[in-house]
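Per-entry structural report
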Amino acid sequence: DVKVTQSSRYLVKRTGEKVFLECVQDMDHENMFWYRQDPGLGLRLIYFSYDVKMKEKGDIPEGYSVSREKKERFSLILESASTNQTSMYLCASSLVQGNTEAFFGQGTRLTVV
Amino acid sequence: QKEVEQNSGPLSVPEGAIASLNCTYSDRGSQSFFWYRQYSGKSPELIMFIYSNGDKEDGRFTAQLNKASQYVSLLIRDSQPSDSATYLCAVNLYTGNQFYFGTGTSLTVIP
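The structure displayed is predicted, hence computed values, not measured ones. (Residues numbered from 1 in each chain as written. Chains lettered and ligands numbered in written order. Predicted model: local features only at pLDDT ≥ 70, side-chain atom pairs only at ≥ 80, totals over all residues. Heavy atoms only, no water.)

1. Considering the environment of N22 of chain B
Residue and element names in this part refer to chain B. Its place among the elements puts N22 in strand β3 (residues 19–25). As for N22 and L88, which are separated by 66 residues in sequence, their C-alpha atoms are 9.9 Å apart. Excluding its chain neighbours within four sequence positions, the residues that come into contact with N22 are E5, Q6, N7, W35, Y71, V72 and S73. Within the structure, N22 has its side chain in polar contact with the side chain of Y71 (distance 2.8 Å). (Helix = DSSP H or I, 4+ residues; strand = E, 2+ residues; numbered from the N terminus. Contact = heavy atoms within 4.5 Å. Polar contact = N/O pair within 3.5 Å; in protein donor to acceptor, adjacent residues only side chain to side chain.)

See below:
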């Protein structure tokens, strides 16, 4: 069964902390994505990766970085958390060829106080 | 400029009625189209995908694609209260392997 697993369901961090969100998929997918979802704004792409050590900026990369050292794992890093990064973070993966869907993890609700 | 537009709703329909959800997209290079359902506090789950012009049916769900009009829709027949959720339209440009999502339409099915 297809599975994308995010390391935490809920997370509370303080302003200025460095935050790591981890995502692991077991489907041997080439593509992995990080989105954030806010009311009224929908899903916005932060970063995506189409291969190990490769990354591409999405629509809102400011304040974030990513790491993909292994094919199955894609990490999102908040270098210095701020309150405006309080959001739901969703990881997804897909095969590299077109016409295939994205599979989502369960999401991480991050609160920065 | 938004890639994918949806009516945010909320859309309310009585139980047993047909719910119609609409989506338009701006990039004519879009190759594949997806409808996801998202319950409150949960992650999106795929309902249907469509690649070719016309209709595609799966149980109570029908996806319709019109590439000339850059329009994709989802019809839910015999709507049930369990269909109450936010429905996200997504397109894939294939060449970039990115998925662009609409902001979602909130659907409430009234018993």
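2. Structural notes on the confidence of the model for chain B
Averaged over every residue, the pLDDT of chain B is 92; the share at 70 or more is 95%. Within chain B, no element has a lower average pLDDT than strand β10 (residues 99–101) of chain B, which sits at 89, and none a higher one than strand β7 (residues 61–66) of chain B, at 97. (pLDDT = per-residue confidence, 0-100.)

3. Description of the packing of aromatic side chains
Taken as a whole, this structure holds twelve aromatic pairs over all chains when the rule is applied. Plain terms: the ring middles of Y35 of chain A and F101 of chain B are 5.4 Å apart, the flat faces sit at 85 degrees to each other, and that makes the pair edge-to-face. On the criterion of chain membership, the pair formed by Y35 of chain A in strand β4 (residues 31–38) and F101 of chain B in strand β10 is interchain, its members lying in two chains. The pair formed by Y35 of chain A and F101 of chain B is uniform in burial state, with each residue classed as buried. Taking 5.0 Å as the distance between ring centres and 25 degrees as the angle between the ring planes, the aromatic pair formed by F49 of chain B and Y51 of chain B counts as stacked. For Y51 of chain B, a relative accessible area of 24% gives the class partly exposed. Taken together, the ring pairs connect F33, Y35, F48 and F104 of chain A together with F34, Y36, F99 and F101 of chain B into an aromatic cluster. One cation-aromatic arrangement involves R9 of chain A over Y10 of chain A; the distance from NZ or CZ to the ring centre is 5.4 Å. Directly above the aromatic system of F49 of chain B lies the positively charged group of K56 of chain B, at a separation of 3.5 Å from the ring centroid. (Phe/Tyr/Trp six-rings, centres within 6.5 Å; stacked < 30°, edge-to-face > 60°. Buried < 20%, exposed > 50% of the residue type's maximum accessible area, 1.4 Å probe, protein only. Lys NZ or Arg CZ within 6 Å of the ring centre and 35° of its normal.)

4. Some details on the pairing of strand β3 (residues 19–25) of chain A
Residues and elements named next belong to chain A. Burial of β3 is one-sided: the residues V19, L21, C23 and Q25 facing one way are buried, the residues F20, E22 and V24 facing the other way are not. Bridging between strand β1 (residues 4–6) and β3 involves three bridges; their strand directions are antiparallel. When the bridges of β3 are listed, Q6 appears paired with C23. The sheet contact formed by β3 and strand β8 (residues 73–78) spans six bridges and is antiparallel. The residue bridging C23 from the neighbouring strand is F74, located in β8. (Pairing = 2+ DSSP bridges.)

5. Examining the sheet that holds β7 of chain B
All names here are of chain B. With respect to topology, five strands assemble into an open sheet ordered β1-β3-β8-β7-β6, the strand pairing being antiparallel. The open sheet has two free edges, formed respectively by β1 (4–6) and β6 (54–58), since each of these has just one partner strand. For this sheet, the mean angle separating the axes of adjacent strands, direction not counted, is 20 degrees. Note: β3 against strand β8 (residues 71–76), six bridges, orientation antiparallel. Bridge assignment links A19 to a residue of β8, and that residue is I76. (Axes fitted to C-alpha atoms, helices over the stretch in contact; angles between N-to-C directions.)

6. Focus: the interface of chain B and chain A
Facing the 20 residues of chain B at the interface are 25 residues of chain A. Regarding the contact of chain B and chain A, the summed buried area is about 1,800 Å², with carbon and sulfur atoms giving 55% of it. Three residues, N97, F99 and F101 of chain B, lead the burial of chain B against chain A; their summed loss comes to 30% of the area buried on that side. The interface formed by chain B and chain A includes zero salt bridges. Between chain B and chain A we count five residue pairs in polar contact (both at pLDDT 80 or more) in total. Considering each element in turn, the side of chain B that touches chain A owes the most residues, four residues, to strand β4 (residues 32–38) of chain B. Of the residues belonging to the side of chain B that touches chain A, the class tally is nine nonpolar, ten polar and one charged. (Buried area = accessible area lost by both parts, 1.4 Å probe. Salt bridge = Lys/Arg side-chain N within 4 Å of Asp/Glu carboxyl O. Nonpolar A, V, L, I, M, F, W, Y, C, P; charged D, E, K, R; others polar.)

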